[in-house]
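# Inside the fold
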Amino acid sequence: MFFKKDKNENNDLSKVAALLIHAAKIDENFSKSEETIIKQALLQIGANDENLEKIFLDGKKIEENSNQILEFTKEVKNMKENDKIKIVETLWKIIYSNSEADIYETSLMRRLGGLLYIDSKLMGDIKEKIRREIIK
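Residues numbered from 1 in each chain as written. Predicted model: local features only at pLDDT ≥ 70, side-chain atom pairs only at ≥ 80, totals over all residues. Heavy atoms only, no water.

## Remarks on the overall build of the chain
Per the secondary structure count, the chain includes seven helices and zero strands. Going from N to C terminus, the chain has its helices and strands arranged as α-α-α-α-α-α-α. Overall, the C-alpha framework of the chain stretches about 40 × 30 × 30 Å when taken along its three principal axes. The burial tally for the chain puts 47% of its 136 residues in the buried class. Within the chain, contacts between residues at least 6 apart in sequence are counted, and of these 73% link residues at least 24 apart. A total of about 7600 Å² of accessible surface is found on the chain, and carbon and sulfur atoms cover 47% of it. Across the chain, the centroid of the 24 positively charged side chains sits 3 Å from that of the 25 negatively charged ones. (Helix = DSSP H or I, 4+ residues; strand = E, 2+ residues; numbered from the N terminus. Buried < 20%, exposed > 50% of the residue type's maximum accessible area, 1.4 Å probe, protein only. Contact = heavy atoms within 4.5 Å. Areas by Shrake-Rupley, 256 points an atom, 1.4 Å probe, with all protein chains shown as cover. Lys, Arg positive; Asp, Glu negative; His and termini not counted. Charge placed at Lys NZ, Arg CZ, Asp CG, Glu CD.)

Written out as structure tokens, the structure reads:
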């Protein structure tokens, strides 16, 4: 689990959810499969069945009411390197869930690489790993 158990845990997870939702919506096609990927990732990083829907809906609200991604990248940026990589893998899974990445999605990931302090080679390696897993 990525987050300490405290009163801010759901808010932290909601901001991570907002980032994942933003990636899913950037191609203007937010699908059920993307929602499923997001919810599975949230469960892996600390959500549980009881709070999953609230975290997801809060994340949706945060994303809808925000005009910049810096607000929700801060939570991910402060994670341990392995945890950040898991989030980036999830982002690429969302992007490739429809078997292709468009220019808006790849542009978002380039920006996120810089904002999250992830080396461009590592970002490319993660992208190719996920692409190979999804597109067989």
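## Here's the deal with the confidence of the model for the chain
Taken residue by residue, the chain gives an average pLDDT of 89. The fraction at 70 or more is 93%. Summarising per-element confidence for the chain, the mean pLDDT is lowest in helix H4 (residues 70–77) (87) and highest in helix H3 (residues 52–64) (96). Across residues 1–7 the pLDDT falls below 50, and counting only partners more than four positions away or on other chains, this stretch makes 16 contacts in the model. (pLDDT = per-residue confidence, 0-100.)

## A look at unusual backbone geometry
The phi dihedral of Glu28 falls on the positive side, at around 60°, and the residue is not glycine. Within the element layout of this structure, Glu28 appears in the loop between helix H1 (9–25) and helix H2 (32–44). Owing to a relative accessible area of 77%, Glu28 belongs among the exposed residues under this scheme. The phi dihedral of Tyr117 is positive, around 60°, even though this residue is not glycine. Note on placement: Tyr117 falls in the loop between helix H6 (103–115) and helix H7 (120–134).

## Some details on the pattern of salt bridges
Counted by the stated rule, this structure contains nine salt bridges. Among the salt bridges present, the one from Glu53 reaches Lys39, with a minimum N-O distance of 2.9 Å. Taken together, the residues span a long stretch of sequence, with Glu53 in helix H3 and Lys39 in helix H2 at a distance of 14 residues. What makes Glu53 partly exposed here is its relative accessible area of 40%. (Salt bridge = Lys/Arg side-chain N within 4 Å of Asp/Glu carboxyl O.)

## Side note on H7
Its 15 residues give H7 an end-to-end C-alpha distance of 21 Å, which sits within 8% of 21 Å, the value for a rise of 1.5 Å per residue. Restricting attention to buried positions, one finds in H7 the residues Met123, Ile126 and Ile130. Buried residues along H7 cover an arc of 65° about the axis, so they all sit on one side. Among the exposed residues of H7, those oriented more than 90 degrees off its buried face are Ser120, Lys121 and Arg132. On its buried face, H7 is in contact with helix H5 (81–95) and H6. In this structure Asp119 caps H7, since a side-chain oxygen of it lies 2.9 Å from the backbone nitrogen of Lys121. (Expected span 1.5 Å × (residues − 1). Arc of directions from axis to C-beta. Polar contact = N/O pair within 3.5 Å; in protein donor to acceptor, adjacent residues only side chain to side chain.)

## Regarding the packing of aromatic side chains
Scanning the entire structure with this criterion turns up one aromatic pair. Measuring from centroid to centroid gives 5.8 Å for Trp92 and Tyr96, while their planes differ by 25°, and the two rings are stacked. Assigned by exposure class, Trp92 and Tyr96 land together as buried. Cation over ring: Lys39 sits above Phe56, and NZ or CZ is 4.8 Å from the ring centre. (Phe/Tyr/Trp six-rings, centres within 6.5 Å; stacked < 30°, edge-to-face > 60°. Lys NZ or Arg CZ within 6 Å of the ring centre and 35° of its normal.)

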